[in-house]
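# Reading the structure
The lines below spell out each chain.
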Amino acid sequence: MASQASVKPRGDHPTKLKLRDAVVVMMERTAPEDIHSEFVLQETGISRGSLYHHYEDFTDLLEDAMLYRFSAGVEASTGAIEAIVGNSRNQEEFLSLLEGVTRATQSRELADSRFDRARMLAMAQHNERFRKKLAAVQDRLTDALTECFRQAQEKGWLNTDFKPHTGAIFIQAYTLGKLVDDVSENHMDDSDWENLITLIANRALAT
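## Points about the side chain of Asn159
Among the secondary structure elements, Asn159 is positioned in the loop between helix H7 (128–154) and helix H8 (164–176). Filtering out sequence-adjacent residues up to four positions away, Asn159 remains in contact with Gln153, Ala204, Leu205, Ala206 and Thr207.

Printed below as a string of structure tokens:
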């Protein structure tokens, strides 16, 4: 499933942004756990003292870069979600647009994004600092989906037997769940998966 692409407030120091942006680029080709402070300092020419002036520790910098990447995707997704109800004239159009957005998040090309998200969720388990920062970004996506479902229910386009917030979590859960297939050597048929999503939307969510 960019704009305000960072969870940090605007006005961050240029040195801090340079550090974060360097790590963001590294994450395009390297797993976060394989990125070390020496690589970042060498790449940016920034001193270790400056790094620890702007970040509590190196893990804090990695977290900032991961959240930046995730936030960019969230902003793009929320924009698409907010347009669904506004651009729909009836239930059929609403379900079609919702299906289009959810299908886009299922594509095999987005496997890396799903792995990134799973990694962040795992990191949040025992890291309260990161959990709170991740929650702030995650909640923007959940809130956008919740409002989308709420408006659709008011228009009579969706079943009212579920709470909008629960529906928002459900949609995200089955998107993330495609990781089960991402790691498999025996991939399922993508069209069959997409057809199942349509079936669920039409039978469980729609009126």
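## A look at helix H6 (residues 111–124)
Structural remark: α-helix, 3.6 residues per turn; residues separated by three or four positions point the same way. With 14 residues, H6 should reach 20 Å at 1.5 Å per residue; the first-to-last C-alpha distance of 20 Å fits that figure. Listing the buried residues of H6 in full gives Ala111, Arg114, Asp116, Arg117, Met120 and Ala124. Against the buried residues of H6 lie helix H4 (58–87), helix H5 (91–106), H7, H8 and helix H9 (179–182).

## Considerations on the packing of H4 against H5
With their axes 9 Å apart at the nearest point, H4 and H5 run at an angle of 165° to one another. Comparing their axes, H5 and H4 come out roughly antiparallel. Between H4 and H5 lies a crossing of right-handed hand. Taking contact as the criterion, the partners of Ala80, Ile81, Ile84, Val85 and Asn87 in H4 are, on H5, Glu93, Phe94, Leu97, Leu98 and Val101.

## Remarks on the packing of H7 against H8
Two elements in contact, H7 and H8, have axes whose closest approach is 8 Å; the angle formed by their N-to-C orientations is 125°. Considering their axes alone, H7 and H8 lie oblique with respect to each other. As H7 packs across H8, the resulting crossing turns out to be right-handed. For the pair H7 and H8, the contacting residues are Gln138, Leu141, Thr142, Leu145, Thr146, Phe149, Arg150 and Gln153 in the first and Pro164, His165, Gly167, Ala168, Ile169, Ile171 and Gln172 in the second. Of the residues contributing to the contact of H7 with H8, the split by class is seven nonpolar, seven polar and one charged.

## Re the packing of aromatic side chains
Across all of its chains, the model carries three aromatic pairs by this definition. Considering the side-chain rings of Phe94 and Trp157, the 5.7 Å spacing of their centres and the 35° angle between planes classify their relative orientation as tilted. Within this pair, whereas Phe94 is found in helix H5, its partner Trp157 is found in the loop between H7 and H8, the two being separated by 63 residues in sequence. With a relative accessible area of 0%, Phe94 lands in the buried category. Judged by relative accessible area, which is 10%, Trp157 ranks as buried. Its guanidinium or amino end placed over the ring of Tyr55, Lys16 lies 5.2 Å from that ring's centre, counting from NZ or CZ.

What counts as what
The residue count restarts for each chain, going from 1 along the sequence in the order it is written. Two thresholds apply to this predicted model, a pLDDT of at least 70 for residue-level local features and 80 or more for giving and counting side-chain atom pairs, whereas whole-chain, interface and lining totals are computed over all residues. The side-chain values count all of the structure's non-hydrogen atoms but skip hydrogen atoms and water molecules. The secondary structure listing takes helices from DSSP runs of H or I that are at least 4 residues long and strands from runs of E that are at least 2 residues long, numbered from the N terminus. Between two residues, a contact is recorded if the distance between any of their heavy atoms is within 4.5 Å. Multiplying 1.5 Å by the helix residue count minus one yields the expected span of that helix. Using a 1.4 Å probe on the protein chains alone, a residue whose accessible area is under 20% of its type maximum counts as buried, one over 50% counts as exposed, and one in between counts as partly exposed. Angles shown run from 0 to 180 degrees and are taken between the N-to-C directions of axes, each axis being a line fitted to C-alpha atoms and, for helices, limited to the stretch in contact. Relative orientations are named as follows: roughly parallel for angles under 35 degrees, roughly antiparallel for angles over 145 degrees, roughly perpendicular for angles from 65 to 115 degrees, and oblique for any other angle. What makes a crossing left-handed is the near helix being turned counterclockwise from the far one by less than a right angle; a clockwise turn instead makes it right-handed. Side-chain classes follow a simple rule in which Ala, Val, Leu, Ile, Met, Phe, Trp, Tyr, Cys and Pro form the nonpolar group, Asp, Glu, Lys and Arg form the charged group, and the remainder, Gly included, forms the polar group. Working definition: rings of Phe, Tyr and Trp (its six-membered ring) pair if their centres are within 6.5 Å, and the pair is stacked with planes under 30 degrees apart, edge-to-face with planes over 60 apart, and tilted otherwise. Placement of a charge over a ring requires the Lys NZ or Arg CZ to be within 6 Å of the ring centre, with the centre-to-atom vector within 35 degrees of the ring normal.

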